[in-house]
Amino acid sequence: MSTGTHGAGDDVARDGLERVPAPSGREQLRDAARVVVKVGSSSLTTPDGHLDPERLRALVDVLAERRAAGQQVVLVSSGAIAAGIGPLGLPTRPRDLATQQAAASVGQGLLVAHYTRAFAAHGLRVAQVLLTAEDTVRRGHYRNAHRALTRLLDLGVVPVINENDAVATDEIRFGDNDRLAALVSHLVRADALVLLTDVDALYTGPPSREGSVRVARVDGPGDVEGVDVSSRGSAVGTGGMVTKLESVSIATQSGTPVLLTSAVRAGEAFAGADVGTWFAPTGRRTSVRLLWLAHAARTRGRLVLDEGAVRAVVERRTSLLPAGVTASEGEFEAGDPVELVGPDGAVVARGLVAYDAGEVPALLGRSTSALRDDLGPGYDRELVHRDDLVLVRRRRAAR
Ligand code: GLU
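Keep in mind that this is a model prediction, so the values were computed, not measured.

Novice: Quick rundown of the overall build of the protein? Include the residues and the values.
Specialist: For the protein, the helix and strand inventory stands at 12 helices and 15 strands. Evaluated residue by residue, the protein yields a buried proportion of 52% over its 399 residues. Within the protein, contacts between residues at least 6 apart in sequence are counted, and of these 73% link residues at least 24 apart. Per element, the accessible surface of the protein, about 17,200 Å² overall, is 50% carbon and sulfur.

Novice: Mind laying out a nonpolar patch on the surface, listing which residues take part and the relevant values?
Specialist: Side chains of Leu88, Val106 and Leu110 sit close together on the surface and give an oily, nonpolar patch of about 210 Å² of accessible area. Note that Leu110 resides in helix H4 (residues 97-120).

Novice: I'd love a proper account of the site of the ligand, names of residues and values included.
Specialist: The environment of the ligand is made up of 12 residues, and the closest members are Ser41, Ile81, Asn162, Asp165 and Glu171. The separation between an oxygen atom of the ligand and a polar side-chain atom of Arg93 is 2.9 Å. Between an oxygen atom of the ligand and a side-chain N or O atom of Asn162, the distance comes to 2.8 Å. Burial of the ligand by the protein chains amounts to 100% of its free accessible area of 280 Å². Of all elements in the fold, only helix H3 (80-85) and helix H6 (170-174) reach the threshold of two or more residues within the shell around the ligand. A per-class count over the shell around the ligand returns 4 nonpolar, 5 polar and 3 charged.

Novice: Any details on the confidence of the model for the protein? Residues and values, ideally.
Specialist: Caution applies to low-pLDDT parts of the model: their predicted coordinates are not meant to be read in detail. On average, the protein scores 85 in pLDDT, and the residues at 70 or more come to 89%. The spread of mean pLDDT over the elements of the protein runs between strand E1 (residues 5-6), the lowest at 32, and strand E4 (residues 72-77), the highest at 98. Note on residues 1-23: pLDDT is under 50 here. Beyond four places in sequence and across chains, it has 54 contacts. The low-confidence segment residues 394-399 (pLDDT under 50) makes 14 contacts with residues lying over four places distant or belonging to another chain.

Novice: So what's going on with the nonpolar core? Residues and values would help.
Specialist: Residues Val37, Leu75, Tyr115, Phe119 and Phe270 are the most contacted members of the largest nonpolar core, which totals 41 residues. For this core, the secondary-structure elements that each account for two or more residues are strand E3 (34-39), helix H2 (53-68), E4, H3, H4, strand E6 (158-163), strand E7 (192-197) and helix H9 (266-270). Counting residues per element, this core draws most heavily on H4, at 7 residues. Excluding residues within four positions of it along the chain, Tyr115 makes contact with Val39, Leu44, Leu56, Leu59, Val60, Leu75, Ser77, Val126 and Val160.

Novice: Summarise helix H10 (residues 288-295); cite the residues concerned and give the values.
Specialist: Summarising burial for H10: 6 of the 8 residues are buried, a large majority. The set of residues buried in H10 consists of Val288, Leu290, Leu291, Trp292, Leu293 and His295.

Novice: Describe the packing of helix H7 (residues 177-187) against helix H8 (residues 241-253), and please don't skip the residues or the numbers.
Specialist: Between H7 and H8, the shortest axis-to-axis distance is 8 Å and the interhelical angle comes to 10°. Here H7 is positioned roughly parallel relative to H8, judged by the angle of their axes. H7 and H8 meet at a crossing whose hand is right-handed. Residues Asp178, Arg179, Ala182 and Leu183 of H7 lie in contact with H8, whose contacting residues are Thr243, Lys244, Glu246, Ser247, Ile250 and Ala251. Here the contact of H7 with H8 is built from residues that sort into 4 nonpolar, 2 polar and 4 charged.

Novice: Can you break down the packing of H2 against H4 residue by residue, with the values?
Specialist: Across the interface, H2 lies against H4 with an axial gap of 9 Å and an inter-helix angle of 50°. With respect to H4, the axis of H2 lies oblique. Between H2 and H4 the crossing geometry is right-handed. Every residue of H4 that contacts H2 at Pro53, Leu56, Arg57, Leu59, Val60, Leu63 and Ala64 is listed here: Leu111, His114, Tyr115, Ala118 and Phe119. Its residues placed into classes, the contact of H2 with H4 shows 10 nonpolar, 1 polar and 1 charged.

Novice: Summarise the environment of Gly342; cite the residues concerned and give the values.
Specialist: Structurally, Gly342 is set in the loop between strand E13 (337-341) and strand E14 (347-352). Considering only alpha carbons, one finds Gly342 and Gly308, 34 residues apart in sequence, at a separation of 9.6 Å. The contacts of Gly342, once residues within four sequence positions are left out, are Val304, Leu305, Val310 and Val348.

Novice: I'd like a rundown of the pairing of E6, residues and numbers included.
Specialist: Counting buried residues along E6, 6 of its 6 residues qualify, which places the element largely inside the surrounding structure. In the sheet, E4 pairs with E6 via 2 bridges, with the strands oriented parallel. Directly across from Val76, in E6, lies its bridge partner Ile161.

Novice: Which residues make up the pattern of salt bridges, and what are the values?
Specialist: Per the stated rule, a full pass over the model turns up 14 salt bridges. In this structure, Asp274 engages Arg26 in a salt bridge whose closest nitrogen and oxygen atoms are separated by 3.5 Å. Separated by 248 residues along the polypeptide, Asp274 in the loop between H9 and strand E10 (277-279) and Arg26 in the loop between strand E2 (19-20) and helix H1 (27-30) bring together distant segments of the chain. For Glu54, the salt bridge goes to Arg57, with nearest N and O atoms at 2.3 Å. Taken together, the residues Glu54 and Arg57, both in helix H2 and 3 residues apart, mark about one turn of the helix.

Novice: Tell me about the sheet that holds strand E9 (residues 258-262), and name the residues and values.
Specialist: Taken in spatial order, the 8 strands make up an open sheet running E5-E6-E4-E3-E7-E9-E10-E8, and their pairing is mixed. For this open sheet the edge positions go to strand E5 (126-131) and strand E8 (217-218), each flanked by a neighbour on one side alone. With 5 bridges joining them, E3 and E7 adopt parallel strand pairing. The partner of Lys38 across the bridge, within E7, is Leu195. Each of E3, E7, E9 and E10 touches H8; the most contacted strand, E7, lies at about 175° to it.

About the thresholds
Residues numbered from 1 in each chain as written. Predicted model: local features only at pLDDT ≥ 70, side-chain atom pairs only at ≥ 80, totals over all residues. Heavy atoms only, no water. Helix = DSSP H or I, 4+ residues; strand = E, 2+ residues; numbered from the N terminus. Buried < 20%, exposed > 50% of the residue type's maximum accessible area, 1.4 Å probe, protein only. Contact = heavy atoms within 4.5 Å. Areas by Shrake-Rupley, 256 points an atom, 1.4 Å probe, with all protein chains shown as cover. Patch = residues over 30% accessible without salt bridge, like charges linked within 9 Å, V, L, I, M, F, W, Y side chains within 5 Å. Salt bridge = Lys/Arg side-chain N within 4 Å of Asp/Glu carboxyl O. Near = heavy atom within 4 Å. Polar contact = N/O pair within 3.5 Å; in protein donor to acceptor, adjacent residues only side chain to side chain. Nonpolar A, V, L, I, M, F, W, Y, C, P; charged D, E, K, R; others polar. pLDDT = per-residue confidence, 0-100. Core = buried A, V, L, I, M, F, W, Y, C linked by side-chain atoms within 4.5 Å. Axes fitted to C-alpha atoms, helices over the stretch in contact; angles between N-to-C directions. Parallel < 35°, antiparallel > 145°, perpendicular 65-115°, else oblique. Left-handed = near helix turned anticlockwise from the far one by under 90°. Pairing = 2+ DSSP bridges.

What follows is the structure, encoded as structure tokens:
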């Protein structure tokens, strides 16, 4: 187990990052200088799916207390669709994607208006920031988002982030504000991430099942093996415990501890009380691009490696050269994320490919010097550079 937390290292640095001895457990949250708080639709809505301003206000009261205690707060909030249902005269949450996007577009402004009013009652200002997971990693976007968010925090503003639903629908479809929140935690160098949901903790089984008990602390993936998280999220939100745990693993693997609890227990949790589930960091800060590649990127194709290339990539951590690749699948462009699979089809790594799919067949199995001689300089480069490659330890469920 690691109880270290990250220092303010440069984002792209891979080694030698400062590791500060940290107190173990929940006091880390109480003492954090900067926290990212993610709240799901289900924690902000009435049972019939409409936005509940009372619940929103109760959450804001807790967050305003944190600000008063000197903590910087970044809020990642869903609830735009819920806020759009009433004004559009829809009976319930729409099912089709286009209407969900429309409702989110109508609701987002209203959602932020509620936050603006509720925080203003505490003398605090908010800023709306709409992001997609890819914004947290594409170089220019990442820098812009980092600069804007840091400045907002310096100015004492509470950024309220949601997915940009008109152009990206990952949250609507996969509950991915959970993962977005983990990536944002990395982007703003948060000291802790708080995931607020409609259950007060991770339980060993469905919370309603007799015999399920709260998991108070998790020190690594081994501690959640055997925990049954299959029951889906609420009817209102889109996430569920599976996406929560994905978010947790992105955050903890890059050095950020996570507290998972319900919105109603948030106040106690921030005070350091033994509520919810505390996930200790398991790794240390890494490049956000590689973090995205490992956890968030949707791959656009596959490269099939021969045994020698698998060994070179996995054991010797080399770049992937065209000579070791036997086939390529998918319609990717240079720079897209692809899976690297062994001869048996098992995924061994993910990487950003350096060529368009159409160029790859002519390169396969050929040495870089032959390619340079035949096709010219520029064709002697790696198919996937080692800096653009992450090894896959465990295969993620396909989407
Ligand atoms: N980002 C959307 C929202 O804020 C989607 C959330 C959801 O699916 O509930 O409403």
